[in-house]
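Reading the structure
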Amino acid sequence: MKASLQGSFLVIIALCGLLAVVGCEEDFVADPPFGGLTDTTYLDEDNWYYIGAQPQVSERGVSLFPFSYRMFSSSFEGFLATTPTRVYQIEENADLTRRVLLLDSEKAPGDTLFKYSDFHYFLVIDKRPSPQVNGPVWYILRRSRIGMKTQRERSLWVMSPDHGILAVANFDIDMLSGQVTLDMVGEPEYFTDPDLIRRIKYYDNNHTWRIDRDKGVIYEFDKLRSVIKSRNFREGEDLYSYRFAHTNTRDLTDFRIELGQDMVKLVAGDSCFYFTEELELLRSGNCGL
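Bear in mind that the values here come from a model prediction, so they are computed numbers and not experimental data.

1. A look at the packing of aromatic side chains
Scanning the entire structure with this criterion turns up 13 aromatic pairs. Ring centres 4.9 Å apart and planes at 90° place the aromatic pair Y202 and Y203 in the edge-to-face group. Its relative accessible area of 30% is what places Y202 among the partly exposed residues. The class for Y203 is partly exposed, based on a relative accessible area of 21%. Aromatic side chains F221 and F244 sit 5.9 Å apart centroid to centroid with 85° between the ring planes, which places their arrangement in the edge-to-face category. Remark: F244 occurs in the loop between β17 (237-243) and β18 (255-260) and F221 occurs in strand β15 (residues 217-222); sequence separation between them is 23 residues.

Now the structure itself:
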């Protein structure tokens, strides 16, 4: 009886898995994406994207429109496939099952479009009405890196379901000061709202550090792990650390480390935390007091 029940349970699990796979099948449409764009669109002389007019039909009968782009140092060759609400990109010679979600008109700020790893993802950070296109636009943070310090891509794409890619900005966040710099192409007015900088920092400003060269010590703060720590950078030895309550750090956009006489200060928004060099907390409170 027990074996029979286990067998029935496994059959149910298998059927559920089959239904899940079937449920994941999408209804692709034969129309080109972005309101029928089928040509090269130049954001400036060197940054552009192309959508071909003649689709290639896959084995499943899905229309795949040739798609390529060059945005700063990033480039792509492949295809686009569309559903009523989504636009996917597929690398050249890749199977349709390896499609990557480029835009989804049902996604909201904070939603992930694609995540291969913590080093490679597309994330919606804003959605707002745009008088320029008489409709909504999505701000997509695209992040791809080799390691902590080497970026493949760190950019913000402004996209419309009807008008395609409207503007792109490569951005950088200074690890010491938290200052954001933008290198923009396309319509620059999409990047004029100061709140956009705050959103970039909310989603992508996660680390800061400060070096005491005389003592050979580096102090590092990780917002996501809620930890400030120190290590001897000459010997690569971890020294001390202090862990915050996650609720105290998760929503930070502005933070930096300052070094004083035998003291370490973490400025976190309007709050300041004062530590000994061994990262024992001395006091905390409003920075203005």
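2. Things to note about the state of the cysteines
If you walk through the whole model with that rule in mind, you get 1 disulfide. Each sulfur in the disulfide pair C272 and C287 lies 2.0 Å from the other. With the S-S bond torsion at 105°, the cross-link from C272 to C287 turns out right-handed. Of this pair, C272 sits in strand β20 (residues 271-275) while C287 is found in the segment after β21 (281-286), placing the two residues 15 residues apart along the sequence.

3. As for unusual backbone geometry
With phi around 55°, N134 is a residue other than glycine that occupies positive phi space. Mapped onto the secondary structure, N134 falls in the loop between β9 (120-130) and β10 (135-145). The backbone of L279 shows a phi angle near 60°, a positive value even though the residue is not glycine.

4. Quick look at the pattern of salt bridges
This model, assessed by the stated rule, comprises 18 salt bridges. For R86, the salt bridge goes to D104, with nearest N and O atoms at 2.9 Å. Taken together, the residues R86 in strand β6 (residues 86-91) and D104 in strand β7 (residues 100-104) connect sequence positions 18 residues apart. The class of R86 is partly exposed, set by a relative accessible area of 25%. With a shortest N-O distance of 3.1 Å, E220 and R231 are connected by a salt bridge. Taken together, the residues span a long stretch of sequence, with E220 in strand β15 and R231 in strand β16 (residues 227-232) at a distance of 11 residues. In the salt-bridge network here, residues are joined through shared partners; they are D126, R128, D193, D195, R198 and R199.

5. Concerning the sheet that holds β17
Pairing within the open sheet is antiparallel, and its 4 strands lie in the order β14-β15-β16-β17. Either end of the sheet is taken by a strand with one partner, and the two such strands are β14 (207-212) and β17. On average, adjacent strands in this sheet sit at an angle of 15° to one another, irrespective of strand direction. Two elements, β15 and β16, share 6 bridges in a ladder whose sense is antiparallel. When the sheet's bridge partners are listed, I218 is paired in β16 with R231.

6. Notes on helix α2 (residues 194-204)
Looking only at α2, the buried set comprises L196, R199, I200, K201 and D204. Where α2 begins, the capping side chain belongs to D193, and its oxygen is found 3.0 Å from the backbone nitrogen of D195.

7. Some details on the pairing of strand β5 (residues 74-82)
In terms of burial, β5 is largely enclosed, as 7 of its 9 residues are buried. Across 7 bridges, strand β4 (residues 63-71) lies against β5 in antiparallel orientation. The partner of P66 across the bridge, within β5, is F79. Between β4 and β5, which pair antiparallel and follow one another directly, the connecting turn spans 2 residues, one of which, F72, has a positive phi of 55°. In terms of strand pairing, β5 meets β6 through 5 bridges, oriented antiparallel. For L80, the partnering residue across the bridge sits in β6 and is Q89. As consecutive antiparallel partners, β5 and β6 are separated by 3 residues.

Here is what the cut-offs are and how they apply
- Residues numbered from 1 in each chain as written.
- Predicted model: local features only at pLDDT ≥ 70, side-chain atom pairs only at ≥ 80, totals over all residues.
- Heavy atoms only, no water.
- Phe/Tyr/Trp six-rings, centres within 6.5 Å; stacked < 30°, edge-to-face > 60°.
- Buried < 20%, exposed > 50% of the residue type's maximum accessible area, 1.4 Å probe, protein only.
- Helix = DSSP H or I, 4+ residues; strand = E, 2+ residues; numbered from the N terminus.
- Disulfide = S-S within 2.5 Å.
- Salt bridge = Lys/Arg side-chain N within 4 Å of Asp/Glu carboxyl O.
- Pairing = 2+ DSSP bridges.
- Axes fitted to C-alpha atoms, helices over the stretch in contact; angles between N-to-C directions.
- Polar contact = N/O pair within 3.5 Å; in protein donor to acceptor, adjacent residues only side chain to side chain.

The values reported here are purely geometric and, on their own, carry no functional implication.
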